[in-house]
Amino acid sequence: MHYLKLLAKRIFFPGLDLHTRCRFRFLPELFRTGKLYTLDAGSGNGALSYAAFRRGSRVLGISFSEREVVDTSILFRAMGIALTAVEFRRMNIYELASLEDTFDQIVCSETLEHIKRDREVVQMFARLLRPGGRLILCCPHALHPEHALGRTDEPETGHHVRDGYTIESYQALLDSSGLVITTVLGLGSPLLCKLDKFLRKARHNVGDLGSFPIFLLLLPLVRFDYRNPKMPFSMAVVAEKV
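Reading guide: rules and limits
- Residues numbered from 1 in each chain as written.
- Predicted model: local features only at pLDDT ≥ 70, side-chain atom pairs only at ≥ 80, totals over all residues.
- Heavy atoms only, no water.
- Buried < 20%, exposed > 50% of the residue type's maximum accessible area, 1.4 Å probe, protein only.
- Helix = DSSP H or I, 4+ residues; strand = E, 2+ residues; numbered from the N terminus.
- Pairing = 2+ DSSP bridges.
- Phe/Tyr/Trp six-rings, centres within 6.5 Å; stacked < 30°, edge-to-face > 60°.
- Lys NZ or Arg CZ within 6 Å of the ring centre and 35° of its normal.
- Axes fitted to C-alpha atoms, helices over the stretch in contact; angles between N-to-C directions.
- Parallel < 35°, antiparallel > 145°, perpendicular 65-115°, else oblique.
- Left-handed = near helix turned anticlockwise from the far one by under 90°.
- Contact = heavy atoms within 4.5 Å.
- 1 Å grid on protein atoms, 1.4 Å probe; cavity = no way out; pocket = protein on both sides within 12 Å on 5 of 7 lines; lining within 4 Å.
- Points joined across faces, edges and corners; volume = space filled by probe spheres on them.
- Patch = residues over 30% accessible without salt bridge, like charges linked within 9 Å, V, L, I, M, F, W, Y side chains within 5 Å.
- Areas by Shrake-Rupley, 256 points an atom, 1.4 Å probe, with all protein chains shown as cover.
- Salt bridge = Lys/Arg side-chain N within 4 Å of Asp/Glu carboxyl O.

J.: Help me understand the pairing of strand β7 (residues 234-241), please; the structure alone is not making it clear to me.
T.: In the case of a regular strand, side chains alternate between the two sheet surfaces. Of all 8 residues in β7, 7 are buried; the element is thus mostly enclosed. One ladder, built from 7 bridges, connects strand β5 (residues 129-140) with β7; its direction is antiparallel. Looking across to β7, one finds that Leu135 is bridged to Ala239.

Below, the structure is given as structure tokens:
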């Protein structure tokens with residue numbers, strides 16, 4: 001049973017979540033390629049770590065969840081990716097200053113909105129980046145109807161502490177750390193949001209296994225998702241250390 005579950009994870013990587021698949025499809029367009037060292041801060045199921053690896057990077061992925069680190073490490077070893085190429089560690093993002101390495105690029109996707117001291121974390125990112133290094137941030141778009149709930153300073157319990165970010169709030173956050181925004185990318189079209197909502201409801205009602213046929217039926221439609229809708233679900237920026 002464990003082998004079959006691992007095989008299914010490999011075949012359908014990066015999983016059933018449609019917004020994760022959207023980020024896996026479009027965010028790597030912002031990554032640099034070549035023999036680089038990449039930090040994936042908030043690595044989750046390893047989708048963006050894998051994307052950076054495919055573009056030539058050695059990758060360190062960090063997550064606060066021990067289960068995520070263990071499961072993703074097992075999956076990547078099963079995929080034939082060596083520990084020396086992609087490593088996952090359990091680490092609180094506030095402990096980043098303890099890392100002795102510096103990085104050519106840092107990826108932080110759908111993580112900063114869970115962090116109260118986001119300015120402190122971004123300042124650590126800036127210190128860890130090498131000169132000319134690149135930070136790729138992706139967070140919920142604060143103005144999207146599904147996110148605009150008025151959250152500004154919620155307790156740090158694992159849920160969103162704020163609604164997300166806008167271009168202006170990204171700018172204010174990054175300017176104070178000496179990082180310059182060079183690219184903005186909106187992700188999550190109305191079509192994708194409708195498909196995702198339908199699939200999430202099915203997963204809630206009948207579980208992942210029961211909703212798997214629905215996932216397979218919806219998957220071809222995801223190809224019609226597109227970049228930069230008028231009201232994106234998530235907003236990504238590239239910021240460079242000058």
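On we go.
J.: How should I be thinking about the packing of aromatic side chains in this particular structure?
T.: We describe a pair of aromatic rings using the distance from one ring centre to the other and the angle between the two ring planes. Scanning all chains against the criterion turns up 12 aromatic pairs. Note on Phe13 and Phe76: the rings are 6.2 Å apart at their centroids and 80° apart in plane angle, and the pair reads as edge-to-face. With Phe13 in the loop between α1 (2-11) and α2 (18-26) and Phe76 in helix α4 (residues 66-78), this residue pair connects regions lying 63 residues apart in the sequence. Both residues of the pair, Phe13 and Phe76, belong to the buried class. Taken together, the ring pairs connect Phe13, Phe24, Tyr50, Phe53, Phe76 and Phe88 into an aromatic cluster. The side chain of Arg58 reaches across the aromatic face of Tyr37, ending 3.8 Å from its centre. A cation sits over an aromatic face here: Arg117 above Tyr94, 3.8 Å from the ring centre.

J.: Is there a simple way to explain the packing of α2 against helix α3 (residues 47-54) in this structure?
T.: Helix-helix packing: each pair is described by the crossing angle between the helix axes and the interaxial distance. Contact geometry of α2 with α3 gives a least axis separation of 10 Å together with a crossing angle of 20°. One element, α2, and the other, α3, form an angle in the roughly parallel class. Helix-helix and strand crossings are classified by hand; for α2 and α3 the assignment is right-handed. Judged by residue contacts, Thr20, Arg23 and Phe24 of α2 engage Ala47, Leu48, Tyr50 and Ala51 from α3.

J.: Whenever I open this one, the environment of Ile167 confuses me. Can you help?
T.: With respect to the helices and strands, the residue Ile167 is situated in helix α6 (residues 167-175). When the C-alpha positions of Ile167 and Leu60 are compared, they lie 28 Å apart, and in sequence the two are 107 residues distant. In this view, Ile167 contacts Val184 and Met235; residues no more than four positions away in its chain are not counted.

J.: Mind showing me how you'd approach the layout of surface pockets here?
T.: One way to see where empty space is left: roll a probe the size of a water molecule over the atoms. By volume, the second largest pocket is sized at about 190 Å³. Lining the second largest pocket are Pro14, Arg21, Cys22, Phe24, Arg25, Leu219, Pro220, Val222 and Arg223.

J.: I'm lost on a nonpolar patch on the surface in this one. Help?
T.: Together, Leu191, Leu221 and Phe224 make up a nonpolar patch on the protein surface, roughly 280 Å² of accessible area in all. By the secondary structure assignment, Leu221 is in the loop between α7 (190-218) and β7. Using a relative accessible area of 35% as the deciding quantity, one classes Leu221 as partly exposed.

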